[in-house]
Amino acid sequence: MDKQNVFVGRSLSVIEDFSKEERLYLFEQVKILKKAMENQDEETLAKYRINDKDFGIYEVFLEDSTRTKESFRNAANFHHAKVSELNSDSSSFNKGESYADTFYTLSGYSNTIFIVRSKLEGVCRWLEETCAAYAQRNSLYRKPAFINAGDGKHEHPTQELLDEFTFLEDNNWSTENLHLALVGDLFHGRTVHSKADGLKIFKSVKVDLIAPEELAMPETYVQKMRENGYEVRIFSSIEAYLGQKDLADKWYFTRPQLERMGDRILQRQAELRRTITFRKEFMGLLKEGTKFYHPLPRHKVHPTIPTFLDDTELNGWERQSINGMYVRIVLLALIAGRIGAEFVPSIAPVSLPTEEDYITEVDLSVMPVKEKVVSEGVQPIHNGLVIDHICKGDAPSEIRDHMRLISSVLGLDGQKGGEWVSTGHNDETQFKGIIFRPGSFELSRKHLKRLSAVAPGCTLNLIKNGRVVNKYRLHLPPRIYNFEDLACTNEACISHPDQNEGVPALFYRTKDNHFACAFCGKNHTFKEIWKSRNK
């Protein structure tokens, strides 16, 4: 196996872990494999097989699954490798063992690729990181790789791969345009959440979201679609969608998971199901050449794609399901290094930002010297600090609430001084907060990072003998980590404190200046990521 192969040992936690170029290469390999499988071309098939009885592929399905699990099992068996399964009913997870310890142990038993389904979101991202360190500590021959087979409401990247491949098949392999209607439970559906980034393989994308308000796509994913340049339209029902003329030629249905939404929703289930279920009376309204897709299974009593459509030209979901095994065979072959050595990316992978000048020290030599530092309503400070321009533009009550959080995060509680809300000199309708503390303060870079994360846009003044000796303007950092009082607010996230997995919180700044959890992807404002706020 070629160590230079860019696919070797890669994990697939979210669809973006494989670039557009890498996915298109994968799909070319799937085309070849599928043709060879249909023709029983053993010579070609042998080129894809790992064919190593010591190469360990381990299925860990901690949530019920039939199609994904069996698809992966058959894909793994194709490779003539060592295939194992964790019995979740009797596993150590039920005895309180952490995810990390369980996978450390399994990694030490010559298992290289783990296929994981869990209700915990972001679990594969964490395991990829912590098990790589374990492998290095213990000089393991191979670093374990992790494939996300579905994590909570977050993503299902291998389903996205097979969906993209099937769309391409029906698009005559063109990546120019895609018009897709997403129909059903868009709130819980991790397969449709993966499409927010996955559909970027197409140059021009129009997405029509069809769901009642109770099952609507979370705003985070709608916003991401728009940031990615998709044209997004929203409809409350199939009937409303068919009432206009610009119809998609590809419809992707999902099963409504109303059982997860409480009695109030269940009492209205017939009404809600009707809005997202295709009916015979709609047949004549579809665009010519339309295909329907579904990740399966359909609900046996209330299928959103009724069974009378099985033997029609609309049926794209059966071929879509069959494609799943082909895609997963190729994915395993790539990660194992059996194929992919000749692939050379034309564009270097884009790394996430790590550092930038978000803490700016003001050159005081070009500023007028003030004998006293005085803010409106605040007594002059001879020695101490003043944090100004806090939450500028927010309501006074919000500013006061956040200043309490800032004091807690910076360890300023219980000290002399105080907080103040004032208006600007030029606009008396715009409020800002001021925190002042007398005393002697020596602030490290870590303190400044904390302040920039909890109060971006503020100005920090350090005062000695009545003069400002240091002045900093602070902005939102590109990422924030290594603080014990950070916490993702998503209770299903592997890093949430209630999960007791000891996973340190890590956030990246988004394009719209939110903080996205590195594990589950949930967006937060800078005010929401602190444990003291979330107690």
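Before reading on, note that the structure itself is shown above.
Residues numbered from 1 in each chain as written. Predicted model: local features only at pLDDT ≥ 70, side-chain atom pairs only at ≥ 80, totals over all residues. Heavy atoms only, no water.

The next subject is the overall build of the protein chain. In terms of helices and strands, the protein chain carries 16 helices and 19 strands. By principal-axis analysis of the C-alpha atoms, the protein chain measures approximately 85 × 60 × 45 Å. Taken across its 535 residues, the protein chain has 53% of its residues classed as buried. Within the protein chain, residue pairs in contact and separated by at least 24 positions form 75% of the contacts whose partners lie at least 6 positions apart. Taken as a whole, the protein chain presents about 25,100 Å² of accessible surface, with 47% of it coming from carbon and sulfur. The positive charge centre, built from 71 side chains, and the negative charge centre, built from 75, are 2 Å apart in the protein chain. (Helix = DSSP H or I, 4+ residues; strand = E, 2+ residues; numbered from the N terminus. Buried < 20%, exposed > 50% of the residue type's maximum accessible area, 1.4 Å probe, protein only. Contact = heavy atoms within 4.5 Å. Areas by Shrake-Rupley, 256 points an atom, 1.4 Å probe, with all protein chains shown as cover. Lys, Arg positive; Asp, Glu negative; His and termini not counted. Charge placed at Lys NZ, Arg CZ, Asp CG, Glu CD.)

Our focus in this paragraph is the sheet that holds strand β10 (residues 359-361). Spatial ordering of the open sheet is given by β10-β15-β14-β11-β13-β12, a layout of 6 strands whose pairing is antiparallel. Looking at the sheet topology across the chains shown, the edges are occupied by β10 and β12 (418-423). Along the sheet, successive strands turn relative to each other by an average axial angle of 20°, direction set aside. Sheet topology note: the strand β11 (residues 384-390)/strand β14 (residues 459-464) ladder contains 5 bridges and is antiparallel. Counterpart to L385 in the pairing with β14 is L462. (Pairing = 2+ DSSP bridges. Axes fitted to C-alpha atoms, helices over the stretch in contact; angles between N-to-C directions.)

Moving on, we come to the pairing of strand β4 (residues 145-151). Extensive coverage of β4 is indicated by the burial of 7 of its 7 residues. The sheet contact formed by strand β3 (residues 111-118) and β4 spans 5 bridges and is parallel. When the bridges of β4 are listed, S118 appears paired with D151. The handedness of the β3 to β4 crossover, carried by helix α5 (residues 123-137), is right-handed. (Right-handed = clockwise from strand over helix to strand, strands pointing away.)

This part covers the environment of H389. Here H389 lies in strand β11. A sequence separation of 117 residues divides H389 from L272, and the C-alpha atoms of the two residues are 47 Å apart.

With that settled, consider the sheet that holds strand β16 (residues 479-481). Spatial strand order, β16-β17-β18-β19: 4 strands in an open sheet with antiparallel pairing. Among the strands making up the open sheet, the edge pair consists of β16 and β19 (523-524). Of the strand pairs in this sheet, strand β18 (residues 515-517) and β19 are connected by 2 bridges, and their pairing is antiparallel. The residue bridging A516 from the neighbouring strand is N523, located in β19.

Moving on, we get to the pattern of salt bridges. For the coordinates displayed, the defined rule picks out 38 salt bridges. Between R142 and D52 there is a salt bridge, and its shortest N-O distance comes to 3.7 Å. Linking R142 in the loop between α5 and β4 with D52 in the loop between α2 (42-46) and β1 (56-61), this pair joins segments that are 90 residues apart in sequence. For R142, a relative accessible area of 23% corresponds to the partly exposed category. (Salt bridge = Lys/Arg side-chain N within 4 Å of Asp/Glu carboxyl O.)

Next up on the list: helix α1 (residues 20-39). With 20 residues, α1 extends 29 Å between its outermost C-alpha atoms, agreeing within 8% with the 28 Å of an ideal straight helix rising 1.5 Å per residue. Along α1, the residues that are buried comprise E22, R23, Y25, L26, F27, Q29, V30, L33, K34, A36 and M37. The first or second residue beyond α1 is Q40, which carries a positive phi of 50°. (Expected span 1.5 Å × (residues − 1).)

Counting residues in each nonpolar core, the largest one holds 90 residues, and the members touching the most others are L26, I57, I115, L182, M217, W251 and F292. In terms of residues, this core owes the most to one element, helix α13 (residues 317-336), which gives 11 residues. What L26 contacts, discounting residues up to four positions off in sequence, is F18, L161, V327, V330, L331 and L334. Core analysis: the next-biggest nonpolar cluster, separate from the first, contains 64 residues, Y104, I390, Y472 and I480 among them. (Core = buried A, V, L, I, M, F, W, Y, C linked by side-chain atoms within 4.5 Å.)

To continue, consider the environment of G289. Structurally, G289 is set in the loop between α12 (269-275) and β9 (291-293). With 142 residues separating them along the chain, G289 and I147 place their C-alpha atoms 34 Å apart.

Another point: the packing of helix α14 (residues 396-409) against helix α15 (residues 445-454). Where α14 meets α15, the closest approach of the two axes is 10 Å, and the angle between their N-to-C directions is 160°. It follows from the interaxial angle that α14 and α15 lie roughly antiparallel. When the axes of α14 and α15 are compared, the crossing they make is right-handed. Here α14 contributes H402, L405, I406 and V409 to the contact with α15, which in turn contributes R450, L451 and V454. Split by residue class, the contact of α14 with α15 holds 5 nonpolar, 1 polar and 1 charged. (Parallel < 35°, antiparallel > 145°, perpendicular 65-115°, else oblique. Left-handed = near helix turned anticlockwise from the far one by under 90°. Nonpolar A, V, L, I, M, F, W, Y, C, P; charged D, E, K, R; others polar.)

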